[in-house]
Amino acid sequence: MAASKYDFNIEQGSSFKLTIVYKDDNGVPIDISNYCARLTWRAGNQNIQIFSTENQDLSLYNFYIDGPTGQLIFLLPATVTNDLDFSTAKYDLELQSDQDLYIGGGKEITRILYGTITLIKRNSQINTTLAC
């Protein structure tokens, strides 16, 4: 199955959540239990950011898979989006199966999404949370 093109925005200084449901050609969610995922973007200034479901530092981001429902959930806290400094970035979202493509061929990797991320710039750069 070919990767789909999906463009999205990130509001600088706001919490960000992206939920993707990986489905087959009939629109049925695919069980991706025991898979891992990687989101990679390259900003116009050529800086590369890599986000993986293997991340252990949840203060930076949370990226996880709900396997039975086919969901990939990517979360960035406001403190991280506030520090983003690009206008647009090109990205790829890949899934890695727990199965080898063939014996000796390594794990099967599938690009499921690609596109452009547009950063909606914030007017202020306040990097603190409210006291409520």
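Each residue is numbered by its place in its chain's sequence as written, counting from 1. Local features in this predicted model are restricted to residues whose pLDDT is 70 or higher, and side-chain atom pairs enter the listing and the counts only when it is 80 or higher, whereas totals over whole chains, interfaces and linings include all residues. Calculated side-chain values reflect all of the structure's heavy atoms, with hydrogen atoms and water omitted.

Draft legend 1. Examining empty space enclosed by the protein more closely. Only protein atoms enter the 1 Å grid, on which a cavity is a set of points fitting a 1.4 Å probe that cannot get out and a pocket is an open set with protein on both sides within 12 Å along at least 5 of 7 lines, lining residues being those with an atom within 4 Å of a point. Grid points are joined across faces, edges and corners, and a volume is the space filled by probe spheres set on the points. In total, this model carries 1 cavity of 30 Å³ or more according to the counting rule given. For the largest cavity, the calculated volume is near 40 Å³. Lining the largest cavity, in full, are Leu18, Ile20, Leu39, Phe63, Leu72, Phe74 and Leu93. Elements supplying a minimum of two residues to the lining of the largest cavity: strand S3 (16–21) and strand S7 (71–76). Secondary structure elements follow DSSP: runs of H or I no shorter than four residues count as helices, runs of E no shorter than two count as strands, and numbering proceeds from the N terminus.

Draft legend 2. Fine view of the sheet that holds S3. Pairing is antiparallel in the open sheet, where 3 strands are placed in the order S3-S7-S6. In the strand order of this sheet, the two ends are held by S3 and strand S6 (62–66), each with one partner. Across the sheet, the mean angle from the axis of one strand to that of its neighbour is 10°, orientation sign disregarded. When DSSP finds two or more bridges between two strands, those strands count as paired. Here S6 pairs with S7 via 5 bridges, running antiparallel. Looking at the pairing, asparagine 62 lines up with leucine 75 of S7. Fitted lines through C-alpha atoms give the axes, limited to the stretch in contact for helices. The angle between two N-to-C directions lies from 0 to 180 degrees.

Draft legend 3. Structural view of the pairing of strand S2 (residues 8–11). Relative accessibility decides the category of a residue: with a 1.4 Å probe and only protein chains considered, values under 20% of the type maximum give buried, values over 50% give exposed, and everything between is partly exposed. Only one face of S2 is covered, namely the face carrying Phe8 and Ile10; the face carrying Asn9 and Glu11 is uncovered. Pairing of S2 with strand S9 (residues 107–120) involves 4 bridges; the strand directions are parallel. Looking at S9, one finds that glutamate 11 is bridged to isoleucine 120.

Draft legend 4. Local environment of the layout of surface pockets. The space that makes up the largest pocket amounts to roughly 220 Å³. In this structure, the largest pocket is lined by 14 residues; those nearest its centre are Trp41, Gln49, Phe51, Asp83 and Leu84. Elements supplying a minimum of two residues to the lining of the largest pocket: strand S4 (36–43) and strand S5 (48–52). Split by residue class, the lining of the largest pocket holds 9 nonpolar, 3 polar and 2 charged. The space that makes up the second largest pocket amounts to roughly 180 Å³. Lining the second largest pocket are 12 residues, with Ser4, Val21, Tyr22, Lys23 and Ile112 sitting closest to its centre. For the lining of the second largest pocket, the secondary-structure elements that each account for two or more residues are S3 and S9. Of the residues forming the lining of the second largest pocket, the biggest block, 4 residues, is contributed by S9. Polarity classes work like this: nonpolar for Ala, Val, Leu, Ile, Met, Phe, Trp, Tyr, Cys and Pro, charged for Asp, Glu, Lys and Arg, and polar for all others, with Gly in that last group. In the lining of the second largest pocket, the residues fall into 8 nonpolar, 2 polar and 2 charged.

Draft legend 5. Representation of the pattern of salt bridges. Counted as salt bridges are all cases of a side-chain nitrogen of Lys or Arg within 4 Å of a carboxyl oxygen of Asp or Glu. Summed over the entire model, instances satisfying the criterion amount to 5 salt bridges. Notably, a salt bridge pairs lysine 5 with aspartate 7, separated by 2.9 Å at the nearest N-O pair. Note on lysine 5: relative accessible area 53%, which makes it exposed. You can call aspartate 7 partly exposed: its relative accessible area is 40%. One salt bridge in this structure joins lysine 107 and aspartate 100, with 3.5 Å as the shortest N-O distance.

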